[in-house]
Amino acid sequence: MSSTIAELLSQRNRLQALSDTAALDTELLLCHCLQKNRSYLRCWPQVSVSNEIEQHFLSLLARREQGEPIAYLIGERGFWSLDLQVSPATLIPRPETELLVEKSLALLSAYPRANVLDLGTGTGAIALALAREKSSWQVLACDVEAQAVSLAETNRRNLALDNVVIIQSDWFKAITKQCFDLIVSNPPYIDREDPHLRIGDVRFEPRSALVADNKGLADIEEIIVNAHAYLSDQGWLLLEHGYNQGEDVRDLLQQGGFNHIFTNQDFASVDRISGGQWRCAE
């Protein structure tokens, strides 16, 4: 006999030791299998599901028990005001990264038109969020991984955003010389020896998008060293970084010749993004 929605949702107990959001995780997996929203689960708890759907749900639940992220299991994740496709080829967009979008919009609030570069775009989250908010801005996004470029392009098409171009590039290497009003990036910034790499969702995410040499600062430093050649006068560089890297990133920005250097904290009150403004020599 087939199980009901309520009976399948009771399987959340299997995730209690793993997840602080066991009930939500279970609902999201079942919604994905049923192709229904969460309100449907609440309205129709006694509806029986087919054996095929039940087996699909249980297989996903078993993978979640092993720690596999929900976003990879259902193939999507919300970010800003967007629903994005995700895959194991990219990082999972996180709420903390929305601070980059928020700060970018604030820094360029007086710009009716702007040219923006998103380095290491992954799913396209930052670039697409900015393009959605500012239809008059032109956004160029790049990633070194072909699979990430393909996924970001799929998200761009799904969102029907024509003011974004996505290309493959290893940081600036394939970017033609032009002036951007803003360069924004969420680069790899975790130290290879960081013990956090062995716990949680990051165990399943691509190492190339997470770790960097020089205690996690190598890619940040490369971006800072090269960014000035692509920034307009008074253009901004904005970077996400680790909770303990704010001082180091500010020092690198200062060494790179940037002004008006700052660090902002995320909702957990830890350093999360830093930036500076480029001023061309008189």
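Above this text sits the structure in question.
What counts and how
Residues numbered from 1 in each chain as written. Predicted model: local features only at pLDDT ≥ 70, side-chain atom pairs only at ≥ 80, totals over all residues. Heavy atoms only, no water. Helix = DSSP H or I, 4+ residues; strand = E, 2+ residues; numbered from the N terminus. Rg over C-alpha atoms; globule rule 2.2 N^0.38 Å. Buried < 20%, exposed > 50% of the residue type's maximum accessible area, 1.4 Å probe, protein only. Contact = heavy atoms within 4.5 Å. Core = buried A, V, L, I, M, F, W, Y, C linked by side-chain atoms within 4.5 Å. Disulfide = S-S within 2.5 Å. Pairing = 2+ DSSP bridges. Right-handed = clockwise from strand over helix to strand, strands pointing away. Axes fitted to C-alpha atoms, helices over the stretch in contact; angles between N-to-C directions.

Draft legend 1. Region of interest: the overall build of the chain. Counting secondary structure elements, the chain contains 11 helices and 11 strands. Relative to the globule expectation of 19 Å for 282 residues, the C-alpha radius of gyration of the chain, 21 Å, shows essentially globular dimensions. Referenced to the eigenvectors of the C-alpha coordinate spread, the extents of the chain come out at roughly 80 × 40 × 30 Å. Every one of the 282 residues in the chain was classed for burial, and the buried ones make up 48%. Look at the contacts in the chain between residues 6 or more apart in sequence, and 66% of them connect residues 24 or more apart.

Draft legend 2. Summary view of the nonpolar core. Formed by 33 residues in total, the largest nonpolar core has its most connected members in Leu 108, Val 116, Leu 130, Val 164, Leu 182, Val 184 and Leu 238. The element that contributes the greatest number of residues to this core is helix H7 (residues 125-133), accounting for seven residues. When residues no more than four places from it in sequence are discounted, the contact partners of Leu 182 are Ser 104, Leu 108, Asn 115, Val 116, Leu 117, Leu 130, Leu 231, Trp 236 and Leu 238. Within the second largest apolar cluster, 29 residues are counted, among which are Leu 117, Phe 180, Ile 190 and Leu 237.

Draft legend 3. Region of the structure containing the side chain of Arg 156. Residue placement: Arg 156 occurs in helix H8 (residues 146-159). Arg 156 has contacts with Leu 128, Leu 161, Asp 162, Val 164 and Ile 166, leaving out every residue within four places of it along the chain.

Draft legend 4. How the structure looks around the state of the cysteines. Across all of its chains, the model carries zero disulfides by this definition. Looking at Cys 142, it has no disulfide partner, and the nearest cysteine sulfur is the one in Cys 179, 17 Å off. Take Cys 179: its relative accessible area is 49%, and that puts it in the partly exposed class.

Draft legend 5. A look at the pairing of strand E5 (residues 164-168). Where strand E4 (residues 138-143) meets E5, five bridges bridge the pair, whose relative direction is parallel. Considered in E5, the bridge of Asp 143 is made with Gln 168. A crossover links E4 with its parallel partner E5, the connecting element being H8, and its sense is right-handed.

Draft legend 6. Fine view of the environment of Gly 78. Following the sequence through the fold, Gly 78 ends up in strand E1 (residues 76-79). Taking C-alpha positions, Gly 78 is 24 Å from His 196, a pair spaced 118 residues apart along the chain.

Draft legend 7. Representation of the pairing of strand E11 (residues 271-277) in the model. Burial analysis of E11 places six of its seven residues in the buried class, the great majority of the element. Of the strand pairs in this sheet, strand E9 (residues 231-240) and E11 are connected by five bridges, and their pairing is antiparallel. Within E11, the position partnered with Leu 238 by the bridge is Gly 275. Pairing of strand E10 (residues 259-265) with E11 involves five bridges; the strand directions are antiparallel. Within E11, the residue paired with Phe 262 across the bridge is Gly 275.

Draft legend 8. Examining the sheet that holds E10 more closely. Reading across from one edge, E5-E4-E3-E6-E9-E11-E10 is the order of the seven strands in this open sheet, with mixed pairing throughout. If you trace the sheet from one side to the other, it starts and ends with E5 and E10, each paired once. Direction aside, the axes of adjacent strands within the sheet are offset by 15 degrees on average. Inspection of the sheet shows strand E3 (residues 115-119) paired to strand E6 (residues 180-185) by four bridges, in the parallel sense. What sits directly across from Asp 118, in E6, is Val 184. The strands touched by helix H11 (residues 246-255) within the sheet are E9, E10 and E11, with E11 carrying the most contacts at an inclination of about 10 degrees.

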